[in-house]
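Chain by chain, the residues run as shown.
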Amino acid sequence: MRARKHTLTQAYVEDLLRRTTIKAWCTTHGKEPAPPRLHPAILRTIREWFDLVDDDGSGTLEHHELMAALQAARIPADARSIHEMIRLMDANRDGRIGWGEFEGYMMQEFAAGKHLLSGEYMLPSGTALPFGAMISKLKRSQILGDVMAGGEART
């Protein structure tokens, strides 16, 4: 048991040294270190949210999809709020949010200490995005829409 504790301590020190070295190199070269990867449970949750909002399955979130998702979840939002979301997350400036852009934005926000899934995530404008509650509401909305359409979407 004692040898295992030493191994964990050594691994911790090696990781700390690696991160410190990377941070020092980035600072010296005027670069920003990459944020840490998201925990798999968090990644699954935000992926589920992304896929629910991506109504057409294109792999991108567009203005009309974001607006429809917020309205379905009964979250007050206007065109300005949607433009703000796109501006914050759309790294390549094509007017859509791809999965990589969305994941990268979320990694940056978690690295900045924001807890996106516990409670409400606030956009800089003050618009609240309760991701967890939105997933439940969007799922219910999709199921209801499927039932109303005669269950054709179910396989």
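Residues numbered from 1 in each chain as written. Predicted model: local features only at pLDDT ≥ 70, side-chain atom pairs only at ≥ 80, totals over all residues. Heavy atoms only, no water.

*Asks:* Please explain the packing of aromatic side chains as it appears in this structure.
*Replies:* Aromatic ring pairs: the centre-centre distance and the angle between the two ring planes describe each pair. Counting across every chain of the model gives 4 aromatic pairs. Summarising the aromatic geometry, the rings of W49 and F102 are spaced 5.3 Å apart at their centres and angled 10° between planes, so their arrangement reads as stacked. Of the two residues, W49 is situated in helix α2 (residues 40-53) and F102 in helix α5 (residues 99-111); the sequence distance between them amounts to 53 residues. Overall, F102 belongs to the buried group, its relative accessible area being 0%. Seen in terms of ring centroids, F50 and W99 are 5.4 Å apart; in terms of plane orientation they differ by 75°. Their pairing is edge-to-face. Here F50, found in helix α2, pairs with W99, found in helix α5; they are 49 residues apart in sequence, far enough to count as distant. In this structure, F50 and W99 share a single accessibility class: buried. Members of the aromatic cluster, connected to one another through ring pairs, are W49, F50, W99 and F102. Its end group placed over the ring of W99, R47 keeps NZ or CZ at 4.3 Å from the ring centre. (Phe/Tyr/Trp six-rings, centres within 6.5 Å; stacked < 30°, edge-to-face > 60°. Helix = DSSP H or I, 4+ residues; strand = E, 2+ residues; numbered from the N terminus. Buried < 20%, exposed > 50% of the residue type's maximum accessible area, 1.4 Å probe, protein only. Lys NZ or Arg CZ within 6 Å of the ring centre and 35° of its normal.)

*Asks:* Help me understand the UniProt feature "domain: EF-hand" (unreviewed entry) in the chain, please; the structure alone is not making it clear to me.
*Replies:* The feature "domain: EF-hand" (unreviewed entry), as given by UniProt, occupies residues 41-76 and 77-112 in the numbering adopted here. Here residues 41-76 is 64% helix and 6% strand, with 27 Å between the C-alpha atoms at its ends. In this annotation, residues 77-112 is assigned 67% helix and 6% strand; the end-to-end C-alpha distance for the span is 25 Å. (UniProt positions renumbered as here; feature names shortened; annotations may be inferred.)

*Asks:* Please explain the layout of surface pockets as it appears in this structure.
*Replies:* To find leftover empty space, a probe the size of one water molecule is rolled over the atoms. Estimated volume of the second largest pocket: approximately 170 Å³. Forming the boundary of the second largest pocket are L52, V53, D55, E65, A68, A69, A72, L138, S141 and Q142. Counting residues per element, the lining of the second largest pocket draws most heavily on helix α3 (residues 63-72), at 4 residues. (1 Å grid on protein atoms, 1.4 Å probe; cavity = no way out; pocket = protein on both sides within 12 Å on 5 of 7 lines; lining within 4 Å. Points joined across faces, edges and corners; volume = space filled by probe spheres on them.)

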